[in-house]
Amino acid sequence: MAVGGAVELERLVVKLVADATKYDAVMDQVDNRLVNSANRLAALGTKLTAAVTLPLAALGGTSVTEFAKFDDAMTKSVAIMDGVTDDIREQMEDVALAISSESVKAPEELAEAYFFLASAGKSAEQSMALLPSVTEFATAGAFDLATATDLLTDAQSALGLSVKDVVQDTENLARVSDVLVKANTLANATVEQFSIALTSKAGSSLKAFDKDVEEGVAVLAAFADQGVKAQLAGNQLDRVIRLLSKASMDNADAHKRLGLSVFDSAGKMRNMADIVGNLEDILKGMDDQTKVATLDMLGFEARVQQAILPLLGTSEAIRTYEEQLRTAGGTTQDVAANQLTSFSSQMKILRNQLKIVAIEIGEILAPGVLRLNEHIRDGLKWWRQLDDQQKRLIVNIGKVAAVTGPALLVSSQLLKMFQRLIPVMQLLGSFSFAGSIRSIGVLMRSLRGLTVLARGLFVALTVGVTSALSPFLPVIAVIGAVGAAITGVILVVSGPQGLVDAWNLAKNAVIDF
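Within every chain, residues take consecutive numbers counted from 1 along the sequence as written. Thresholds applied to this predicted model are a pLDDT of at least 70 for local features of residues and 80 or more for the giving and counting of side-chain atom pairs; totals over whole chains, interfaces and linings are not thresholded and use all residues. To get the side-chain values, take all heavy atoms of the structure and skip hydrogens and water.

1. Digging into the overall build of the protein
- Broken down by element type, the protein carries 19 helices and 0 strands.
- Taken over 513 residues, the protein has a buried fraction of 36%.
- Should any heavy atoms of two residues lie within 4.5 Å, those residues are counted as being in contact. Taking contacts inside the protein between residues at least 6 apart in sequence as the whole, the part at least 24 apart equals 70%.
- When the accessible surface of the protein is summed, it comes to about 28,600 Å², and 61% of that surface belongs to carbon and sulfur atoms. Secondary structure elements follow DSSP: runs of H or I of four or more residues count as helices, runs of E of two or more count as strands, with numbering from the N terminus. The rule is simple: take the accessible area with a 1.4 Å probe, protein chains only, and divide by the maximum for that residue type; under 20% is buried, over 50% is exposed, in between is partly exposed. Note that accessible areas follow from Shrake-Rupley with a 1.4 Å probe, and for residues the cover is restricted to the protein chains shown.

Here it is as structure tokens:
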């Protein structure tokens, strides 16, 4: 009877050990599959985030930004124009984007150029017609589009060449542009310096005495060769023209006696090259003192002589410059085209083409951003209507949400730690059973201890996940619960010495891991 009971008990022990071994194997498989699946998902998520999510987010942000810059410049430009409908604005935008796709000027620069064209009194229709010309002018002169547009339209207006007819106005602007760019290729001054000179009083004086842009810029080119440029050259030309007229009337007898003719028989001021040549002939062979006295006799005071003297000896150059400037048609376009052949210019054109795509994408995304803005405004109104107690409650909920992420990270590390302790627990179980099953009572206590361990671990892990909604004190409590459960089981199964041996074994396992 006793022998039969022992045999049955032995079978029970063997079955329990076998079932435990199968359970461990199954759990190992589950654990490995979970780990592999998690790793694959993490790798896929990382790749998708790096290859798709982040680039798309960056593209969306860049697109909205580019659209915002272009839209802002367009809005400011059309705000000072009359009668600009949505259809006309769309046409203006299309013109600006089309030009930008083939030039070094960014879309927002072209949109801003409309503002300066409007400031010069140009209509929307005129502005669209003139935008290609001012863009080529800025490119040929190698300066910014805003300045170029401002200077070119000011020069056109100062010379009296700004008209309402779109076709004629476009031709006049192109003429002024070609003359200024051509002058840059002939004399020692930049396109911008010639433009500044022409808009610094010189243009209005040329208009007042019915002199065209070619004659006036020819004199500015002669000044440039003498080192007189930009605003100073414009002021000097203005002074020479006005004081030649005044001296001719105030000192008519002296002019007649010395043979100086400022006006022709019809009362029109002679060509500047002819007047300067006339003065050169009168002063030819005189020493400096005699020249000064003669000029004073002609009515040119000392301050006027400072403007006239640099021109003496340049009459032939002025005449040659004027002839060349009268054939300047198409110069701006040619020089601008040459400027665009550089690698740097081609890269800028490519950049502009990418910007245009971004603007088009941003235009699609913009309504959604505006709707978000409306929601934010509504949210702010709702927030202002809350009392202090409600606001404090929301802030406290925000605090909990803020620490949820870090708390979940801590909990995930605890779960990983538990996974790493499974092999240690298996070693501890083998050690304990090998050294401690001496009787049926000990076996029963071992089984009860393992049950306590399972329940303790389940409760501890449940509390750990739940405590992720709170910061660190609950997490510490979970660690303590797990440690207490493990320690209790080892102490029941193996005794005090077994606990010491288990600690050493666990420590070595962690170190080896």
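2. What to know about the confidence of the model for the protein
- pLDDT gives the predictor's per-residue confidence on a scale running from 0 to 100. When pLDDT is averaged along the protein, the result is 76, and 66% of the positions lie at 70 or above.
- Confidence drops under a pLDDT of 50 for residues 430-482, and excluding neighbours within four residues, the segment shows 53 contacts in the predicted structure.

3. A word on the nonpolar core
- If you look at the biggest cluster of nonpolar residues, it comprises 87 residues, and the most contacted ones within it are Tyr114, Leu131, Phe194, Leu198, Val217 and Phe300.
- In terms of residues, this core owes the most to one element, helix H8 (residues 213-225), which gives 9 residues.
- Sequence-distant contacts of Leu131, that is, excluding residues within four places in its chain, are made with Val95, Ala96, Ile99, Leu110, Ala113, Tyr114 and Leu117. Put simply, buried Ala, Val, Leu, Ile, Met, Phe, Trp, Tyr and Cys residues joined by side-chain atoms within 4.5 Å make one nonpolar core.

4. As for a nonpolar patch on the surface
- The patches described consist of residues with a relative accessible area above 30% and no salt bridge, like charges being joined within 9 Å and nonpolar side chains (Val, Leu, Ile, Met, Phe, Trp, Tyr) within 5 Å. Salt bridges are counted wherever a side-chain nitrogen of Lys or Arg sits within 4 Å of a carboxyl oxygen of Asp or Glu. A contiguous nonpolar surface patch, about 430 Å² in accessible area, is contributed by Phe343, Met347, Leu350 and Leu354.
- Counting through the fold element by element, Leu350 comes out in helix H16 (residues 343-384).
- The class of Leu350 is partly exposed, set by a relative accessible area of 40%.

5. Quick notes on the environment of Leu354
- Locating Leu354 in the fold gives a position in helix H16.
- For the pair formed by Leu354 and Ser101, sequence separation is 253 residues and the distance between their alpha carbons is 8.8 Å.

6. Quick word on the packing of aromatic side chains
- Ring pairs are drawn from Phe, Tyr and Trp, using the six-membered ring of Trp, whenever the two centres fall within 6.5 Å, and their geometry is named by plane angle: stacked under 30 degrees, edge-to-face over 60, tilted for the rest. Applying the stated criterion across every chain yields a total of 2 aromatic pairs.
- Here the aromatic rings of Phe115 and Phe116 are separated by 5.7 Å at their centres, their planes lie at 85 degrees, and the arrangement is edge-to-face.
- The exposure class of Phe115 is partly exposed, given its relative accessible area of 30%.
- Between Phe137 and Phe143, the ring centres sit 5.6 Å apart and the planes meet at 80 degrees, which makes this aromatic pair edge-to-face.
- For Phe137, a relative accessible area of 0% gives the class buried.

7. Digging into the packing of helix H2 (residues 86-100) against helix H3 (residues 107-119)
- Every axis in this analysis is a line fitted to C-alpha atoms, fitted for helices over the stretch in contact. Angles between the N-to-C directions lie between 0 and 180 degrees. Two elements in contact, H2 and H3, have axes whose closest approach is 9 Å; the angle formed by their N-to-C orientations is 135 degrees. As the angle between them shows, H2 and H3 are arranged oblique. Here the hand of the crossing between H2 and H3 comes out right-handed. Every residue of H3 that contacts H2 at Met92, Val95, Ala96, Leu97, Ile99 and Ser100 is listed here: Pro107, Leu110 and Tyr114.
- For this classification, Asp, Glu, Lys and Arg are treated as charged, while Ala, Val, Leu, Ile, Met, Phe, Trp, Tyr, Cys and Pro are nonpolar and the rest, including Gly, are polar. By residue class, the composition of the contact of H2 with H3 is 8 nonpolar, 1 polar and no charged. Here the angle decides the label: under 35 degrees means roughly parallel, over 145 means roughly antiparallel, 65 to 115 means roughly perpendicular, and every other value means oblique. For any pair of crossing helices, the crossing counts as left-handed if the nearer helix is rotated counterclockwise from the farther one by less than a right angle, and right-handed if it is rotated clockwise.

8. A closer look at empty space enclosed by the protein
- In this analysis a 1.4 Å probe is tested at points of a 1 Å grid over the protein atoms alone, and where it fits but cannot get out there is a cavity; an open set with protein on both sides within 12 Å along at least five of seven lines is a pocket; lining residues have an atom within 4 Å of a point. Grid points are joined across faces, edges and corners, and a volume is the space filled by probe spheres set on the points. The full count for this structure, using the stated rule, is 1 cavity of 30 Å³ or more.
- Estimates place the volume of the largest cavity at around 50 Å³.
- Forming the boundary of the largest cavity are Val240, Leu244, Met272, Ile275, Val276, Leu279, Ile308, Leu311 and Leu312.
- Those elements giving two or more residues to the lining of the largest cavity turn out to be helix H9 (230-250) and helix H11 (272-283).
- In terms of residue count, the dominant contributor to the lining of the largest cavity is H11 (4 residues).
- Here the residues of the lining of the largest cavity sort into 9 nonpolar, no polar and no charged.

9. Quick look at the pattern of salt bridges
- Within this structure, the stated rule accounts for 18 salt bridges.
- In this structure, Asp72 engages Lys76 in a salt bridge whose closest nitrogen and oxygen atoms are separated by 3.2 Å. Residue Asp72 and its partner Lys76 are both found in helix H1 (residues 2-78); the two are separated by 4 residues, about one turn of the helix.
- Residues joined by salt bridges that share partners form a network here, namely Arg175, Asp212, Glu214, Glu322 and Arg326.

10. Some points on a negative patch on the surface
- Together, Asp86, Asp87, Glu90, Asp94, Glu360 and Glu363 line one region of the surface with negative charge.
- Elements that contribute at least two residues to the negative patch include exactly H2 and H16.
- The leading source of residues in the negative patch is H2, at 4 residues.
- Relative to the elements of secondary structure, Asp87 occurs in helix H2. When charges are counted, Lys and Arg contribute as positive and Asp and Glu as negative, whereas His and the chain ends are disregarded. Note that the charge is assigned to NZ on lysines, CZ on arginines, CG on aspartates and CD on glutamates.

11. Quick notes on the environment of Val276
- Turning to its location among the elements, Val276 is positioned in helix H11.
- What makes Val276 buried here is its relative accessible area of 5%.
- Spatially, the C-alpha atoms of Val276 and Val262 are 9.5 Å apart, while their sequence positions differ by 14 residues.
- Apart from the residues lying within four places of it in its own chain, the contact partners of Val276 are Leu311, Leu312, Thr314, Ser315 and Ile318.

12. Looking at H11
- In this model, H11 (12 residues) spans 17 Å end to end at C-alpha, consistent with the 16 Å of a helix rising 1.5 Å per residue.
- In terms of burial, H11 is largely enclosed, as 9 of its 12 residues are buried.
- Among the residues of H11, Met272, Ala273, Ile275, Val276, Gly277, Asn278, Leu279, Ile282 and Leu283 are the ones counted as buried.
- Those residues of H11 that are buried lie in contact with H8, H9, helix H10 (252-258), helix H12 (288-297), helix H13 (302-308) and helix H14 (315-325). Given the number of residues in a helix, its expected span is that number minus one, multiplied by 1.5 Å.

13. Some remarks on helix H7 (residues 191-208)
- With 18 residues, H7 extends 24 Å from end C-alpha to end C-alpha; this agrees with the ideal 26 Å at 1.5 Å per step.
- Here the bend at a residue means the angle between the axes of two seven-residue stretches, the one that ends at it and the one that starts at it. Maximum bend of H7: about 65 degrees, positioned at Ala202.
- If you check which residues of H7 are buried, you get Val191, Phe194, Ser195, Ala197, Leu198, Ser200, Ala202, Gly203, Ser205 and Leu206.
- One or two positions beyond H7, positive phi appears at Asp210, with a value near 55 degrees.

14. So, unusual backbone geometry
- The phi torsion at Lys201 lies on the positive side, around 75 degrees, for a residue other than glycine.
- Relative to the helices and strands, Lys201 resides in helix H7.
- The phi dihedral of Ala230 falls on the positive side, at around 55 degrees, and the residue is not glycine.
- Note that Ala230 resides in helix H9.

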